[in-house]
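A closer look at the structure
Given next are the chains, with one letter for each unit.
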Amino acid sequence: MSRTLRALALVVLVASCGGGQGTAPRHLDDACRIADERPEYLKAFQRTERKWGVPVHVQMATMHQESKFISNARTPYRYALGVIPMGRVSSAYGYAQALDGTWDDYKKSTGKRFARRDRIRDASDFMGWYMVTSRSKNGIPLTDARNQYLAYHEGHTGYARGSYNRKSWLLDVANKVDARADVYQAQLATCGLR
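Quick caveat, the model's predicted, so the values are computed rather than measured.

**What about the overall build of the protein chain?**
On a plain count of helices and strands, the protein chain comes out with eight helices and two strands. Order of helices (α) and strands (β) in the protein chain, N terminus to C terminus: α-α-α-α-β-β-α-α-α-α. Buried residues in the protein chain amount to 42% of all 194 residues. In the protein chain, the proportion of contacts linking residues at least 24 apart, taken out of those at least 6 apart, comes to 52%. Taken as a whole, the protein chain presents about 10,700 Å² of accessible surface, with 53% of it coming from carbon and sulfur.

**Some words on a positive patch on the surface**
Taken together, the side chains of Lys 43, Arg 47, Arg 50 and Arg 121 define a basic patch exposed on the protein surface. If you tally residues by element for the positive patch, the top one is helix H3 (residues 39–52), at three residues. Position of Arg 121 among the secondary structure elements: in helix H6 (residues 120–138).

**What to know about the confidence of the model for the protein chain**
Here the protein chain averages 88 in pLDDT, and 82% of its residues register 70 or above. In the model of the protein chain, helix H1 (residues 3–17) stands out as the element of lowest mean pLDDT, 49, in contrast to H6, which has the highest, 98. Considering only residues more than four positions removed or in separate chains, one finds that residues 10–20, a stretch of pLDDT under 50, has one contact.

Thresholds, definitions, all that
- Residues numbered from 1 in each chain as written.
- Predicted model: local features only at pLDDT ≥ 70, side-chain atom pairs only at ≥ 80, totals over all residues.
- Heavy atoms only, no water.
- Helix = DSSP H or I, 4+ residues; strand = E, 2+ residues; numbered from the N terminus.
- Buried < 20%, exposed > 50% of the residue type's maximum accessible area, 1.4 Å probe, protein only.
- Contact = heavy atoms within 4.5 Å.
- Areas by Shrake-Rupley, 256 points an atom, 1.4 Å probe, with all protein chains shown as cover.
- Patch = residues over 30% accessible without salt bridge, like charges linked within 9 Å, V, L, I, M, F, W, Y side chains within 5 Å.
- Salt bridge = Lys/Arg side-chain N within 4 Å of Asp/Glu carboxyl O.
- Lys, Arg positive; Asp, Glu negative; His and termini not counted.
- Charge placed at Lys NZ, Arg CZ, Asp CG, Glu CD.
- pLDDT = per-residue confidence, 0-100.

Below, the structure is given as structure tokens:
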């Protein structure tokens, strides 16, 4: 085998290994095991808590709901006539499922021109920024996972208008986010990470 062909085969092999960060942690129901498996997640969440004041468990519960901690998560495709792809449901992407326009607002507001939605520390920082904005615009405490999630999903204006009240499915999801935040908080306390 020629040297060039071997080098090409090696490059393909290394590229196919990937970092695995496009996949979810194995134990999504256990905050301690998530932190053990992906210590960079905990570091990012703790950094965001120090900077913005959003508790780790609130960030984790929101991110679990939005992307299941998958770095390159996207919304599903829309289909015409059930078979013709018509693009994605929205521009939401990455760990935080931030929309293009909201992500651009975040980068302008924070000066983080090179922030990426598929990088955990940037996605966590985005959540902190967004939730602090929700507190200032809508009076939602940073510890209130349920209402922070509703504002995160509906946007600040939608939350202020109460658009979520017409969506019983969303209220159910917000209650699940709140319950997961409580579980994550208790778990983090037992494993000494709080």
